[in-house]
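Residue-level listing of the chains:
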Amino acid sequence: MGVNGVVTEGFEPVRDAFVRNFATGGERGAAVTVYRDGRRVVDLWAGVRDVDGDAASGSALWEHGTAQIVRSATKGVAAAVLLMLAQRGELDLDAPVGEYWPEFKAAGKERALVRHLLAHRAGVPALDRPLTPAQAADPALGAAAVAAQTPAWEPGTDHGYHAQTYTWLTGELVRRVSGRPIGDWVATEIAGPAGLGLWIGLPEAEAETGRVGRVGRVQTPETAGPGLRTRPKRSVADAYADPDSLTSRAFAAITPPPDENDPAYRAAALPASNGIATADGLARFYASLIGQVDDGTRLFTPATVELGRREQSAGPDRVLVIGTRFGLGYMLHGTASPLLTPGSFGHPGRGGPLGFADPDSGIAFGYVTNGFRKSVTADGRAQALVRAVRGVVGL
């Protein structure tokens, strides 16, 4: 497999790990980008653009600028919108959600705070009546459904991953505060200024370029690398197998599962699950949160960085059935989702993608793939690349 791109001297181990992902990890097409102190030090891509493509048969190859669905890695971008609104004084993180969105106070949620929403403490990870993919794409329908939902626990008293409902929680709050759809806000206030290949709601003009590849499931090798469990614990497996469990219901808030290659799905703005990004777009996004990137852009103040990565939730997760740690919208380094150091913050996408920043080392990381595995919070291919970065920077 020919690998394209460049690595700065000293970062060659990242390229070696990337090559191994294709040689032994079942990778079909992928890219990884790393920034350090706002400067790009790794930019690699290889394989085919579409997961069902075949290079030998002339299928389109992955190119610089190829983008893919990054699933829940989108949540980190959605969180940035709310934190930037707070940074500008337009949103109070300690205010009740109902102060901005009165309908949300229904069914015992009047004490839910904005910070609870960001930290997966709002108590509404599932819907009693799941939405179809077409309904989920309607922001008004989704917002009404989550506002009417009775919480599974008293908001603020516990945490559980809001896998799908995070879309309408964040999207509607952004609309209520700013008067703009979250996809538009990202395009004009984040992606545009920082020069990112990143979208929540793929514009028709971008869809017509053919740069976004097809995604799909790939098999997980029996050995996924040291320190990673390839088979889940029995309790976790049982939770996913039980259709009545909070785990299954949270992921099934959109039923049936959407076709992630459907142009209509990609055009919808679902900030919990359907962002589309290049590896550089994801890495550059995180680089611009923790410092200035090469063009001088910076999105977060130092105070907002500290706010975003301050632990808000930790311990057994009611949905994922494992121990998780969350800041304000970001997963924090831990056994469920290993990042670079205890001070790192970011978000994985189910089955592969990963984006994060480590302010202490100045590292920002983005990995995208067209082949999704069964993993939820820690994919072996991404983790191999993270370990290589950790070794390079001496952590």
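Above this text you will find the structure in question.
Presented here is a report on the structure given in the accompanying data block. Per chain, residues are indexed from 1 in the order of the written sequence. With the structure being a predicted model, the display of local features is reserved for residues of pLDDT at least 70 and the display and counting of side-chain atom pairs for 80 or more, all residues being used for whole-chain, interface and lining totals. Computation of side-chain values covers all heavy atoms of the structure but excludes hydrogens and water.

**Here we look at the overall build of the chain**
- Within the chain one finds 15 helices and 14 strands.
- Every radius of gyration here is taken over C-alpha atoms, with the globule rule written as 2.2 Å times N^0.38, N being the number of residues. Over its C-alpha atoms the chain spans a radius of gyration of 19 Å, differing by no more than 12% from the 21 Å that the globule rule assigns to 395 residues.
- When its C-alpha atoms are laid out on the principal axes, the chain stretches across 55 × 45 × 40 Å.
- The proportion of buried residues among the 395 residues of the chain is 58%.
- In the chain, once contacts between residues fewer than 6 apart in sequence are set aside, the share between residues at least 24 apart is 68%.
- Looking at the chain as shown, the accessible area adds up to about 15,100 Å², and 50% of this sits on carbon and sulfur atoms.
- Taken as two groups, the 40 positive and 42 negative side-chain charges of the chain have centres that lie 5 Å from each other. Put simply, DSSP marks the helices as runs of H or I at least four residues long and the strands as runs of E at least two long, and each gets a number from the N terminus on. For each residue, the accessible area found with a 1.4 Å probe, counting protein chains only, is set against the maximum for its type, and the residue is called buried under 20%, exposed over 50%, and partly exposed in between. The contact rule is simple, with two residues in contact once any of their heavy atoms fall within 4.5 Å. Here the Shrake-Rupley method, with its probe set to 1.4 Å, supplies the accessible areas, and only the displayed protein chains count as covering residues. The convention is simple: Lys and Arg are positive, Asp and Glu are negative, and His and the chain ends are not counted. Taken as the charge location is NZ of Lys, CZ of Arg, CG of Asp or CD of Glu.

**Here's the deal with helix α7 (residues 166–178)**
- To estimate how far a helix should reach, multiply one less than its number of residues by 1.5 Å. Between its first and last C-alpha atoms α7 spans 18 Å; for 13 residues at 1.5 Å apiece the expected length is 18 Å, and the two agree.
- Within α7, 10 of the 13 residues are buried, leaving the element largely enclosed by the surrounding structure.
- Burial in α7 covers these residues: Y166, T167, W168, L169, T170, G171, E172, L173, V174 and V177.
- Check the buried side of α7 and you find it contacts α2 (74–87), α3 (97–100), α4 (114–118), α5 (133–136), α6 (139–148) and α8 (182–194).

**A closer look at the nonpolar core**
- In terms of nonpolar packing, the biggest core is built from 82 residues, with I190, F285, L289, Y330 and F345 touching the most fellow members.
- Here Y330 is in contact with G76, A79, A80, L83, F285, Y286, L289, F300, G308, R325, F345 and G346, once residues within four sequence places are set aside.
- Residues V14, V32, A382 and A388 belong to the second largest nonpolar core, which totals 26 residues. In this description, a nonpolar core means a group of buried Ala, Val, Leu, Ile, Met, Phe, Trp, Tyr and Cys residues linked to one another through side-chain atoms lying within 4.5 Å.

**Description of the side chain of T165**
- With respect to the helices, strands and loops of the structure, T165 is situated in the loop between α6 and α7.
- What makes T165 buried here is its relative accessible area of 0%.
- In contact with T165, not counting residues within four places along its chain, are V124, P125, A126, L127, V146 and A253.

**Section: the environment of V392**
- By secondary structure assignment, the location of V392 is in helix α15 (residues 380–392).
- The sequence separation of V392 and T157 amounts to 235 residues, and the corresponding C-alpha distance is 40 Å.
- Setting aside residues up to four positions removed in sequence, V392 forms contacts with G10, F11, P13 and V14.

**Things to note about the pairing of strand β13 (residues 363–369)**
- For β13, the buried fraction is high: seven of the seven residues fall into the buried class.
- Bridging between strand β2 (residues 29–36) and β13 involves seven bridges; their strand directions are antiparallel. By the bridge assignment for β13, V32 is matched with Y367.
- Alignment of strand β12 (residues 354–358) against β13, held across five bridges, turns out to be antiparallel. Within the sheet, the bridge partner assigned to A357 lies in β13 and is A364.
- Two strands qualify as a pair provided DSSP detects at least 2 bridges between them. Where β12 hands over to β13, the hairpin turn is made up of four residues, of which G362 adopts a positive phi near 80°.

**Here's the deal with the environment of E63**
- Within the element layout of this structure, E63 appears in the loop between β3 (39–47) and β4 (68–69).
- Taking C-alpha positions, E63 is 40 Å from D238, a pair spaced 175 residues apart along the chain.

**Some details on the packing of aromatic side chains**
- Pairing of aromatic rings covers Phe, Tyr and the six-membered ring of Trp, with a centre-to-centre limit of 6.5 Å; geometry is then stacked below 30 degrees between planes, edge-to-face above 60, and tilted otherwise. Tallied over the entire structure, the rule returns 10 aromatic pairs.
- Geometrically, the ring pair formed by Y286 and F345 is edge-to-face, given 6.2 Å between the ring centres and 70° between the ring planes. Pair noted here: Y286 is in helix α13 (residues 279–290) and F345 is in strand β11 (residues 345–348), with a separation of 59 residues, a long-range link.
- You can call F345 buried: its relative accessible area is 0%.
- Among the aromatic side chains, those forming a connected cluster through ring pairs are Y161, Y240, F251 and F326.

**A closer look at the pattern of salt bridges**
- Every case where a carboxyl oxygen of Asp or Glu lies within 4 Å of a side-chain nitrogen of Lys or Arg is listed as a salt bridge. Applying the stated criterion across every chain, the model contains 21 salt bridges.
- Among the salt bridges present, the one from E172 reaches R176, with a minimum N-O distance of 2.6 Å. Note that E172 and R176 are positioned in helix α7 at a spacing of four residues, about one turn of the helix.
- Residue class for R176 comes out partly exposed when judged on its relative accessible area of 29%.
- When the shortest N-O distance is used, the salt bridge between D360 and R309 registers 3.6 Å. Of this pair, D360 sits in the loop between β12 and β13 while R309 is found in helix α14 (residues 302–309), placing the two residues 51 residues apart along the sequence.
- Judged by its relative accessible area of 58%, D360 is exposed.
- For R309, a relative accessible area of 17% puts it in the buried group.

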